[in-house]
Amino acid sequence: MVLKVYGIAASRASRPLWLLEELGVPYERVPVDYRTGATRQAEMLAINPNGHIPALDDEGIIVWESMACTLYLARKYASHGGLNLGAQNLTEEAELLRWSFWVMTEVEKDALSVLMHRMAMPAERRDARLAEQAEKRLAVPLRVLEAHLATRPWLAGDRFTVADVNVASIVSWIRPAPQVLAVFPAVSDWLQRCLDRPAQRRVRTMASAESKIA
Ligand SMILES: N[C@@H](CCC(=O)N[C@@H](CS)C(=O)NCC(=O)O)C(=O)O
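Structure report, in brief. (Residues numbered from 1 in each chain as written. Predicted model: local features only at pLDDT ≥ 70, side-chain atom pairs only at ≥ 80, totals over all residues. Heavy atoms only, no water.)

Some thoughts on the site of the ligand
Every residue near the ligand is listed here: S11, R12, R15, Y34, T39, R40, G51, H52, I53, P54, E65 and S66. H52 has a polar side-chain atom sitting 3.0 Å from an oxygen atom of the ligand. Contact with the protein chains hides 80% of the accessible area of the ligand, taken as 510 Å² for the molecule alone. Class assignment for the residues of the shell around the ligand results in 3 nonpolar, 5 polar and 4 charged. (Near = heavy atom within 4 Å. Polar contact = N/O pair within 3.5 Å; in protein donor to acceptor, adjacent residues only side chain to side chain. Areas by Shrake-Rupley, 256 points an atom, 1.4 Å probe, with all protein chains shown as cover. Nonpolar A, V, L, I, M, F, W, Y, C, P; charged D, E, K, R; others polar.)

Let's talk about the packing of aromatic side chains
Counted under the stated rule, the structure contains 3 aromatic pairs. Pairing W154 with F160 gives two aromatic rings, centres 5.4 Å apart and planes at 80 degrees, and the pair type is edge-to-face. F160 matches W154 in its accessibility class, with the two residues each being buried. An aromatic cluster of three or more residues is present, and its members are W18, W154 and F160. Directly above the aromatic system of Y34 lies the positively charged group of R35, at a separation of 5.9 Å from the ring centroid. The lysine or arginine in question, R197, covers the ring of W154, its NZ or CZ lying 5.9 Å from the ring centre. (Phe/Tyr/Trp six-rings, centres within 6.5 Å; stacked < 30°, edge-to-face > 60°. Buried < 20%, exposed > 50% of the residue type's maximum accessible area, 1.4 Å probe, protein only. Lys NZ or Arg CZ within 6 Å of the ring centre and 35° of its normal.)

Observations regarding the nonpolar core
By size, the foremost hydrophobic cluster in this structure holds 59 residues, and its most contacted members are L142, L145, V167, V171, I174, V187 and W190. By residue number, the principal contributor to this core is helix α4 (residues 90-120), which donates 8 residues. Residues from two domains meet in this core; each of domain 1 (4-84 + 199-213) and domain 2 (90-197) gives at least three. Ignoring any residue separated from it by four or fewer positions in sequence, one finds I174 in contact with V107, A111, V114, L138, L142, V180 and L181. Membership of the second largest hydrophobic core comes to 7 residues, among which are Y6, M44, I47 and A55. (Core = buried A, V, L, I, M, F, W, Y, C linked by side-chain atoms within 4.5 Å. Helix = DSSP H or I, 4+ residues; strand = E, 2+ residues; numbered from the N terminus. Domains from an automatic or database assignment. Contact = heavy atoms within 4.5 Å.)

Let's talk about the packing of helix α1 (residues 14-23) against helix α6 (residues 162-171)
Where α1 contacts α6, the two axes come as close as 10 Å, and the packing angle between them is 140 degrees. Classified by chirality, the crossing of α6 by α1 is right-handed. Residue-level contacts link R15, W18 and L19 of α1 to V162, D164, V165, A168, S169 and I170 of α6. Partitioned by chemical class, the residues of the contact of α1 with α6 number 6 nonpolar, 1 polar and 2 charged. (Axes fitted to C-alpha atoms, helices over the stretch in contact; angles between N-to-C directions. Left-handed = near helix turned anticlockwise from the far one by under 90°.)

Next up, the structure:
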C-alpha cells in the first residue's frame, strides 16, 4: 500500500510533499482542498478529526499536524536514496525538534498574518495594521535565526535537513514583506537556497497547477 498524503500543495501539505520530493519516496496524493470544506467531510474527519490538512496514511499509521508529518517521514526514510534529512544522533535530534517547535510557536502565527494581510486575502479584507504589528514582532525570532545562520549554512548538523524544510516553509510566508527579511542577510541567503532546491520548486509547480484548476 503506497503512502497517502492528503492535501493540496498550496497549503501546509506542501511541507510533507517537499520532504517526500527531496527523498524521492513514492506516494499518492489525495488533493483535498481546504477552501471547499472538503477537510470537514466525514471521510476526512475519520483521518484527521481536526478537519485539517495535511494528513498521512502510511500503511495504516495515521499522522496529522504538518510538522509531525515531516519529522515522521524524515525518521522513517532516514536512509532513503542517499539523502538523510533526519537525525544521525541525539544531538541532531535535539536540533531538529528544537527548530521545528520553535518555528511553530514563535513564528508561524505572525508569519501567517503577514502572508494573509500583505498578499493572500482579497485586498478589501487586508488590514495593514495587523501586518505591521506582526512584522514588528517577527524581528525578535528572526534575530535568533540570523545569529544561528551567521556561522553555518544549514540549521542542524552540517547538511540540509527536515529542520530546514520546517523552518523555511514558515519563514517563506514573510516574503510579502521584503523589508522585514532584508535586514537579516544570513536568513535571506539561507531561505533562497532552500527555495531554490528542485524538490521545493516541484511543490510550487504542483501548487500553481492546482490553483489554475480551482
Ligand atoms: N497546525 C496544523 C494546521 C493545519 C491547518 O490549519 N490546515 C489548513 C490548510 S493549510 C486547513 O486544513 N484548513 C481547513 C479548515 O480548518 O477547515 C498543521 O500544521 O498541520
